Each structure stands twice: as C-alpha cells, then as structure tokens.
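# Structural features, examined
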Amino acid sequence: MNPQAKLLSITSLFLGSTITITSNHWIMAWTGLEINTLAILPLISKSHHPRAIEAATKYFLVQAAASALLLFSSMTNAWYTGQWDITQLTHPTSCLLLTTAISIKLGLVPFHFWFPEVLQGTSLTTGLLLATALKFPPITLLLLTSPSLNPTLLTIMAVASTALGGWAGLNQTQTRKILAFSSISHLGWMAIILVYSPKLTLITFYLYCLMTIPIFLTLDTIKTLKLTTMSTAWTKIPPLTATLMLMLLSLAGLPPLTGFLPKWLIIQELTKQEMTPTATIIALLSLLGLFFYLRLAYCATITLPPNSINHMKQWQTNKSTKMFITTFITLSIMLLPLSPMIFTTS
C-alpha cells in the first residue's frame, strides 16, 4: 500500500475517533463515525484479495446501516425533545434505536455476524484496529447515554454475547476468528455492567485492549493464522511463543494475571446490585472461552510435532517492535497488583 495513502488513512482514523469522543452534538458524533468507516476501508482491502474485498464490502454495508440508525435515533429524539445533545437522549424509541445501532457497530449479539467474517478477511494488523481502536468511539457514545439505556435489554444482549462468543469459538481453527469471538465475549462483559458502573466498562475495555494488542502483534510476528501452523511456530521465536501462553491465559481471565481483574470487579459490582444469578451465569459462560484459550495455548507451547518445520530463529528482530511488544506483554500479564489503586479511583 502506498505510504502516503496509509498515512492518510491512519490520520483520518485518529481524526474520526477524536471528533466522536469529544463531541456533544449528535451530528458531530455521526460525522466522526463516518470518517472512521471510510478511513478503515482502504486498510481492509489493501491486499486486493477477493476475501479482503468481500470483507471491506460487508464492513461498509453494516456500518452504513448502523450509522443510518444512529442518525435516525438522534433525529427522532430531537423531534420529540428539541435536544441534539448526546447526554439528553430521553425518548424511549430513540434509546432503543441507539442501542441497536451501537450494537451493530460493536458486533454485539444478535448483530455479531459480520465481525468474524470481516476479521477473517483482513490482515492481523488491520484486525487489531478493528478489535480495539474502532470500538472506542461507539463505546464512548454508550457511556455518555448509559443513564437512558434499558438495563434489561443490555443484560440479555450481554449474556447472549458471552454465551455465543464462547460456543462459536470452540470449533474454530483460524486464529483471527477465535480472536473475533473472544472480542464478542468480552463485549458482553462490558455491556452487562454499563448501566450500573460506566467507569468499570471503560476500565474493562482498556484492559481488554492491553491484553489483545500483544496477542495480535505476536501472531503477526510469528506469521500464524491457523492452529496447524501455530503448533510449529515455536521454533521461530521460542521466548515470544512461550509468553503467548501467558497472554492467552490472561485474556481468559485466570488469576493472578491481568485479565482476572475486570471479571473480578464486574462480578463484585453485579453482586452489589443484587444480580447474583446473572453474575453466576456470565461467570460460568466464560468457562467456554477458557476452553479455546487453553487450546490455543496448548497448540502454541505444549504441542511438539514429530516433524517440525526447520525455521531460522529470528533472534535479531526489529528492536523498536520488540520493545513495543515486550511492554504490552508485561502490562497484559502483571497488572493485577494495581487493583487496590483502581478500587480507590473508581
């Protein structure tokens, strides 16, 4: 891809996200989301492979439909209340339409069908942007409107997302699809606590990004797209592949790793809200995700095939990339001791 075109796309992504996050007016928020959609399309389709073109087409159609619903929701609210302010979303129909629009943009169940297919058709670096950076503006809109949203609807969608993210990931052999269903499952955890503790939703999203970024970068470094190639990838960079197991277990939410922190806080908050059955259900459903994370970790580090492919060991990798990945690996594994500080700030 042309470096100037790539720079323009990435700059537009930053611009669109900043406009949406900082805006108070619905039209400005909608404009930022549209800039994001148009900026990511060249990055999705840059390989010119038929699957990449298909992924870009699906992404454009889904995001355009979601943006139209978002605009319709804000116009309906303005028609009835005379308010274009994002925090003044009070009309019930507008709240329902907004929940639907943002769910489509994020990939929450039952609007999740596009996300695994789009992620499968892109490169790992573009998939990383789709799974982390491009989810931040819609989540910001959910946070701003959280007092007006329907908690029952969000709880149902959240439990369904966690269940489907776990079930659908069990049978996958493509690492990008597994990470897509993992993202859907984590979105369920964020949505279930949104109405009761918006700050906790934001903390969960930040920690999810911290855990997902090094996994995508590691898979991109060792050039692994399938479970079959993952079992022989340990010969390329053994230390990096060994830490991949810890990152996957952290994403699964096992103590004493970073990923246990958001699940612990969410279950604690749900119990305070007298939603113990819901907390129990969502905790049990996360065991489904744990199974395919363990399978990934098993394939990456424990499987030793009898006829391993001889690769040249890539000890001298790019130093800046190595430092970047190392920093995120450390954060994705060792942040649990900071939980008292998070308790005091939230």
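Residues numbered from 1 in each chain as written. Predicted model: local features only at pLDDT ≥ 70, side-chain atom pairs only at ≥ 80, totals over all residues. Heavy atoms only, no water.

Here we take up empty space enclosed by the protein. Applying the stated criterion to the full structure yields four cavities of 30 Å³ or more. Looking at the largest cavity, its volume works out to about 120 Å³. What lines the largest cavity is Leu33, Asn36, Thr37, Tyr59, Gln63, Lys105, Trp114, Leu130, Leu134, Lys135, Pro137 and Pro138. Of all the secondary structure elements, the ones that give two or more residues to the lining of the largest cavity are helix 2 (26-44), helix 3 (50-81) and helix 7 (136-145). A total of three residues in the lining of the largest cavity trace back to one element, the largest contributor, which is helix 2. Counted by class, the lining of the largest cavity contains seven nonpolar, three polar and two charged residues. Roughly 60 Å³ of volume is contained in the second largest cavity. Lining the second largest cavity are Ser182, Ser185, His186, Trp189, Leu251, Ala252, Lys263, Ser286, Gly289, Phe292 and Tyr293. (1 Å grid on protein atoms, 1.4 Å probe; cavity = no way out; pocket = protein on both sides within 12 Å on 5 of 7 lines; lining within 4 Å. Points joined across faces, edges and corners; volume = space filled by probe spheres on them. Helix = DSSP H or I, 4+ residues; strand = E, 2+ residues; numbered from the N terminus. Nonpolar A, V, L, I, M, F, W, Y, C, P; charged D, E, K, R; others polar.)

A separate point is the layout of surface pockets. Approximately 650 Å³ is the volume found for the largest pocket. The wall of the largest pocket is formed by 23 residues, among which Phe14, Leu128, Leu129, Thr132 and Ala133 lie closest to the centre. Of all the secondary-structure elements, those providing two or more residues to the lining of the largest pocket are helix 1 (3-22), helix 6 (124-131), helix 10 (198-221) and helix 15 (319-334). No other element matches helix 1, which puts six residues into the lining of the largest pocket. Of the residues contributing to the lining of the largest pocket, the split by class is 17 nonpolar, four polar and two charged. Counting the residues that make up the lining of the largest pocket, at least three belong to each of domain 1 (1-124) and domain 2 (150-307 + 318-345). (Domains from an automatic or database assignment.)

Let's shift gears to the pattern of salt bridges. Inspection of every chain in the model, using the stated rule, returns three salt bridges. Between Glu54 and Lys58 there is a salt bridge whose closest N-O contact spans 2.9 Å. Taken as a pair, Glu54 and Lys58 lie in helix 3 at a separation of four residues, close to a single helical turn. By relative accessible area, Glu54 is classed as partly exposed at 41%. Judged by relative accessible area, Lys58 falls into the partly exposed class, the value being 29%. For the salt bridge of Glu117 with Lys177, the shortest nitrogen-to-oxygen distance reads 3.3 Å. Taken together, the positions of Glu117 in helix 5 (residues 114-120) and Lys177 in helix 9 (residues 175-192) put the pair 60 residues apart, joining distant regions of the chain. For Glu117, a relative accessible area of 34% gives the class partly exposed. (Salt bridge = Lys/Arg side-chain N within 4 Å of Asp/Glu carboxyl O. Buried < 20%, exposed > 50% of the residue type's maximum accessible area, 1.4 Å probe, protein only.)

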